[in-house]
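So the chains spell out like this:
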Amino acid sequence: MLDKFIANAVSHWSRVFAVTVDPGLVRAIIQRESSGGKFSVTKEPGGRYSYGPMMVLDSTARGMGVTDPKRLAEPGLGIWYGVRHLAELLQRFQGDVERAVSAYNTGPARANRSGAGTFPNQTYVDAVMGFYRSFRGAAFPALAGIALVA
């Protein structure tokens, strides 16, 4: 079921932002953020909330024009805006997947490598990249025939 939502969002936002959003990367973020879509709401520090399979932060959703972030708990809508956010980050960081993943979790301003080449949220980045390696190139039936823009 999630694959269809991923396919639609990846196809659309890859074209809009002229980046390649790999469906395997989206799946990896979903796996890390919500245990593969099992959870749809998380309370965050400071009284904020994240919603949907990709756990989009309420303030991030509002920044994308979502008036009721709670609606992102609906899988299709949550993936739509999660992929949009990811595509924006991939564009901003010129396709640097690890930096985009770090920014997805900690915000763009904090997604900088240290002198040692690590991110402040390196454990998160490592987890997503591990899932990504296992999902990259995997067959997602709903994605057959989807052309991605590079």
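Bear in mind the structure is a predicted one, so any value in this text is a computation, not a measurement.

Participant: I'd like to hear about the packing of aromatic side chains, residue by residue, with values.
Facilitator: Applying the stated rule across the entire model yields four aromatic pairs. Considering the side-chain rings of Phe-131 and Phe-135, the 6.5 Å spacing of their centres and the 20° angle between planes classify their relative orientation as stacked. One end of the pair is Phe-131 and the other is Phe-135, both in helix 6 (residues 122-135) and four residues apart, which spans about a single turn. In this structure an aromatic cluster arises from ring pairing among Trp-13, Phe-17 and Trp-80. The ring of Tyr-132 is capped by Arg-136, whose NZ or CZ atom sits 4.2 Å from the centre of that ring.

Participant: For the packing of helix 2 (residues 23-34) against helix 6, give the residues involved together with the corresponding values.
Facilitator: Relative orientation of the contacting elements helix 2 and helix 6 amounts to 130°, with a least axis distance of 8 Å. One element, helix 2, and the other, helix 6, form an angle in the oblique class. Considering the relative orientation of helix 2 and helix 6, their crossing is right-handed. Here helix 2 contributes Gly-24, Leu-25, Arg-27, Ala-28, Ile-29, Gln-31, Arg-32 and Glu-33 to the contact with helix 6, which in turn contributes Tyr-124, Ala-127, Val-128, Phe-131, Tyr-132 and Phe-135. Taken together, the residues that form the contact of helix 2 with helix 6 break down as nine nonpolar, two polar and three charged.

Participant: Just give me the short version of the sheet that holds strand 2 (residues 49-51), but keep the residues and values in it.
Facilitator: The strands that make up a sheet pair up through hydrogen bonds in the backbone, lying either parallel or antiparallel. Sheet architecture is open: three strands sit in the order 1-2-3, paired in antiparallel fashion. Single-partner strands in this sheet number two, and they are strand 1 (41-43) and strand 3 (56-57). As paired elements, strand 1 and strand 2 share three bridges and run antiparallel to each other. By the bridge assignment for strand 2, Val-41 is matched with Tyr-51.

Basis of the calculations
- Residues numbered from 1 in each chain as written.
- Predicted model: local features only at pLDDT ≥ 70, side-chain atom pairs only at ≥ 80, totals over all residues.
- Heavy atoms only, no water.
- Phe/Tyr/Trp six-rings, centres within 6.5 Å; stacked < 30°, edge-to-face > 60°.
- Helix = DSSP H or I, 4+ residues; strand = E, 2+ residues; numbered from the N terminus.
- Lys NZ or Arg CZ within 6 Å of the ring centre and 35° of its normal.
- Axes fitted to C-alpha atoms, helices over the stretch in contact; angles between N-to-C directions.
- Parallel < 35°, antiparallel > 145°, perpendicular 65-115°, else oblique.
- Left-handed = near helix turned anticlockwise from the far one by under 90°.
- Contact = heavy atoms within 4.5 Å.
- Nonpolar A, V, L, I, M, F, W, Y, C, P; charged D, E, K, R; others polar.
- Pairing = 2+ DSSP bridges.

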